[in-house]
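Summary of structural features
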Amino acid sequence: MARVGKRIRAAREGIDPTKVYPLADAVKLLKERSTAKFDETFEISMNLGVDPRHADQMVRGVCNLPNGSGRTVRVAVFARGAKADEAKAAGADIVGAEDLLETIQGGTIDFDRCIATPDMMPLVGRLGKVLGPRGLMPNPKVGTVTMDVKGAVGAAKGGAVEFRVEKAGIVHAGIGKISFDDQKIVENARAFADAVARAKPTGAKGTYIQRIAVSSTMGPGIKVDPASVLAAQTSA
């Protein structure tokens, strides 16, 4: 069995791995045990009753965190003319068309979110094999293929978090920083869980949201009572 370090043992002390905690208590426990020299990301993971191998059980969406993510997000926008100017004015870090395509094809991807106007998608589509695996491909379902460039850039900069279910039926995301006030983390967690609940696919059967856990970058995982996160657990 692998040896557990002193820091990890200290972080786990006082946390019952078999217990399911109310969200507010879990947040407090993680904050009390944060000893990293940087501002850790507060993360949430949700086990869903779906099999994403089936198209009618895919879960994908976006959540605008009410208190932001605490993360500096670099945004790239594919646009021309007035829409390119709109993107720059909204605070986009990189704006371009063919020139941006060439930069990305050359191996430089210096951004965390990619937005495109609909007319640019034939161009952006050529980057599918590059942007797709990184979760950066613009998609109308999450608001990153849009004519409202200003709104999309603002949302990305303000704390919009995209989510997509993984093969094992898990959705996870960073929803704030450990330095946030407890209540702000709670509000962000509930907003994220609500967004996932509203994204319930038509093919989901039985209990949709099965388990929820929270953690910090360097901290332990803590099981959370879904009822303390959601007003009502979503089931079929």
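For the structure, see preceding data.
First, a word on scope: everything that follows refers to the structure included in this document. As a convention, each chain's residues are numbered from 1 in the sequence order in which they are written. Residue-level local features of this predicted model are given only where pLDDT is at least 70; pairs of side-chain atoms are given and counted only at 80 or more, and the full residue set underlies all totals for whole chains, interfaces and linings. The basis for the side-chain values is all heavy atoms of the structure; hydrogens and waters are excluded.

1. Focus on the packing of helix α3 (residues 81-90) against helix α7 (residues 149-158)
Defined as follows: Orientation is described by lines fitted to C-alpha atoms, with helices fitted over the stretch in contact, and by angles between N-to-C directions that extend from 0 to 180 degrees. In this text, helices come from DSSP runs of H or I with a minimum length of four residues, and strands from runs of E with a minimum of two, each type numbered from the N-terminal end. Each angle gets one of four labels, with under 35 degrees taken as roughly parallel, over 145 as roughly antiparallel, 65 to 115 as roughly perpendicular, and the rest as oblique. In this scheme the handedness of a crossing depends on how the near helix is turned from the far one: anticlockwise by less than a right angle means left-handed, clockwise means right-handed. For this analysis, residues touch if any pair of their heavy atoms sits within 4.5 Å. All residues other than Ala, Val, Leu, Ile, Met, Phe, Trp, Tyr, Cys, Pro, Asp, Glu, Lys and Arg, Gly among them, are scored as polar; the first ten of these are nonpolar and the last four charged.
Interhelical geometry of α3 versus α7 gives an angle of 30° and a closest axis separation of 8 Å. With respect to α7, the element α3 is oriented roughly parallel. α7 is crossed by α3, and the crossing has right-handed handedness. Residues Lys-83, Glu-86, Ala-87 and Ala-90 of α3 form the contact with α7, whose own contacting residues are Val-149, Lys-150 and Val-153. Here the contact of α3 with α7 is composed, by residue class, of four nonpolar, no polar and three charged.

2. A closer look at the sheet that holds strand β4 (residues 94-96)
Inclusion rule: At least two bridges found by DSSP between two strands are what make those strands a pair.
Reading across the sheet, the three strands line up as β4-β3-β5 and stay open at both edges, with parallel pairing between neighbours. The open sheet has two edge strands, β4 and β5 (113-116), and neither has a second partner. Across the sheet, the mean angle from the axis of one strand to that of its neighbour is 15°, orientation sign disregarded. Both strand β3 (residues 75-78) and β4 contribute to a ladder of three bridges, which runs parallel. Among the inter-strand pairings, Phe-78 is bridged to a residue of β4, identified as Gly-96.

3. Things to note about the environment of Ile-170
The topology assignment puts Ile-170 in strand β7 (residues 170-177). A sequence separation of 124 residues divides Ile-170 from Met-46, and the C-alpha atoms of the two residues are 5.6 Å apart. Ignoring any residue separated from it by four or fewer positions in sequence, one finds Ile-170 in contact with Met-46, Asn-47, Arg-164 and Val-165.

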